Amino acid sequence: MGIVENPNDIGHVVEADREHVWHHLTQHKPFESADPRIFVEGRGMRLWDATGREYLDGVSGGVWTVNVGYGRESIADAVRDQLVKLNYFANSAGSIPGALFAERLIEKMPGLTRIYYSNSGSEANEKVFKMVRQISHRHHDGRKYKILYRDRDYHGTTLGCLAAGGQSERRDQYGPLPEGFVEVPHCLEYRGQYGDTGNYGERAADAIEDVILREGPDTIGAICLEPVTAGGGVITPPKGYWERVQEICRRYDILLHIDEVVCGVGRTGKWFGYQHFGIEPDFVTMAKGVASGYAAISCMATTEKVFEMFKDDPSDPMSYFRDISTFGGCVAGPAAALENMRIIEDENLLENTAAMGERLLGNLREVQERHAVIGDVRGLGLFCGVELVADRRTKHPADEKLVQAVVADCMAQGVIIGATNRSIAGFNNTLCLSPALIAGEDDIDALTASIGKALTKVFG
């Protein structure tokens, strides 16, 4: 597909980018002697850059976002039509798309009743943290203010979210961070921490209870967890883990906050990752796949019980949730999200995600049989990780530079994959795959074939 007839026509754009754009997660020194990569078009699973080169995107826009693929004209049309009619009013008032999408979303989330709009996953998580703190002040005499988070989990880039993040390299050099956030151990069975045990999942959950008892149950207000850990290594929970976590939260009256920013809206083969495990959360946050990147939107969903806590004394001007998100009032977000949801339903993308996820895991395990550098393959739906090790017996992590060399070689082949990056020192060794929910068998096979070739080139 000849997208760019003459790449030199946008030479000025490349220079403008080099001179003025500060890219995310990027060391810019190399751009003094090499061009930054600029993508100019996307269709389906594929992207084209400024040179006209085609790429198969195995990470849905780089960060698990473009769930329904590129070039969806119906979403663009829905956004355009809405912007012409009404583009914005602060969410202190309602809008037609805002009301309708909240209704449709709640239909997918039994037990939850209320949606709070904002514009990013970080912001959605911050809303929960603020709600927990306000509940502490108004209903627990200032107790139950602490928020538990898990080692290796990630919840966003703000200082509050970094304080609640279990990735040390994300936090480094940004302190001092807010107080009242307490870490619990990770649940990665491949790197088990408890020796031989009959049920690792239950034992890993019991470690959370150990922290609660150490801190004092009357000081813990909530726990924030990803259903499947994303950037910390694509960690699927062991059998029995989530059931025990739910039991512990109920025992100690701790609110359960599920961060679905990555897993939500189809990524795992269900609408939400937590729905694989029979969890009944008090809060669910989501962003990325809500509108597949066609508009900025994030949501916080909660129960009527939580909602009622902010109506306890209407005569008190401090009793309601005194918060606002400026761009939570953008009407393009819910308009795009409604059409995004229709596409997922009409094209049976949940079923496709489950089927193609099985194929992806199967292919990766075949690659593992041929490459001793693969220590573990794990995932759920179209959300998979490949942990690379220097030695399978000792499970010593592969050198990070070699892991990045695999990513670079796939890119050179025209296939975009990811890897854990600036997360946990010494353990940035997991390749990450999250193709769009529209992926077909040929796409999955091309992704895994590219990884096999790259492993051969880098590791032999």
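Note that this is a predicted model, so its numbers are computed, not measured. (Residues numbered from 1 in each chain as written. Predicted model: local features only at pLDDT ≥ 70, side-chain atom pairs only at ≥ 80, totals over all residues. Heavy atoms only, no water.)

What follows covers the sheet that holds strand β6 (residues 181–184). Across the sheet, which stays open at both edges, the seven strands sit in the order β4-β10-β9-β8-β7-β5-β6 with mixed pairing between neighbours. Both edges of this open sheet fall to β4 (114–118) and β6, since each of them pairs with a single strand only. The mean angle between the axes of side-by-side strands here comes to 20°, regardless of whether they run parallel or antiparallel. By the bridge criterion, three bridges tie strand β8 (residues 255–259) to strand β9 (residues 283–286) in an arrangement that is parallel. Counterpart to His257 in the pairing with β9 is Phe283. Docked against the sheet, helix α5 (residues 121–139) engages β4, β5 (146–150), β6, β7 (220–225), β8, β9 and β10 (298–302), running at close to 160° with respect to β9. Contacts between helix α9 (residues 241–251) and the sheet are confined to β5, β7 and β8, with β8 contributing the most and set at about 145° to the helix. (Pairing = 2+ DSSP bridges. Helix = DSSP H or I, 4+ residues; strand = E, 2+ residues; numbered from the N terminus. Axes fitted to C-alpha atoms, helices over the stretch in contact; angles between N-to-C directions. Contact = heavy atoms within 4.5 Å.)

The full count for this structure, using the stated rule, is nine aromatic pairs. Ring geometry for Phe39 against Tyr55: centres 5.7 Å apart, planes inclined by 90°, an arrangement best described as edge-to-face. One end of the pair, Phe39, is in strand β1 (residues 39–43); the other, Tyr55, is in strand β3 (residues 54–57), with 16 residues separating them in the sequence. A relative accessible area of 37% means that Phe39 is categorised as partly exposed. In this structure Tyr55 comes out as buried when scored by relative accessible area, which is 3%. For the ring pair Phe272 and Tyr274, a centre distance of 6.1 Å and an interplane angle of 25° mean the geometry is stacked. We note that Phe272, like Tyr274, is buried. One aromatic cluster is present, formed by Tyr116, Phe310 and Phe321 through successive ring pairs. The positively charged end of Arg133 is found above the aromatic ring belonging to Phe181, 5.2 Å away from the centroid. (Phe/Tyr/Trp six-rings, centres within 6.5 Å; stacked < 30°, edge-to-face > 60°. Buried < 20%, exposed > 50% of the residue type's maximum accessible area, 1.4 Å probe, protein only. Lys NZ or Arg CZ within 6 Å of the ring centre and 35° of its normal.)

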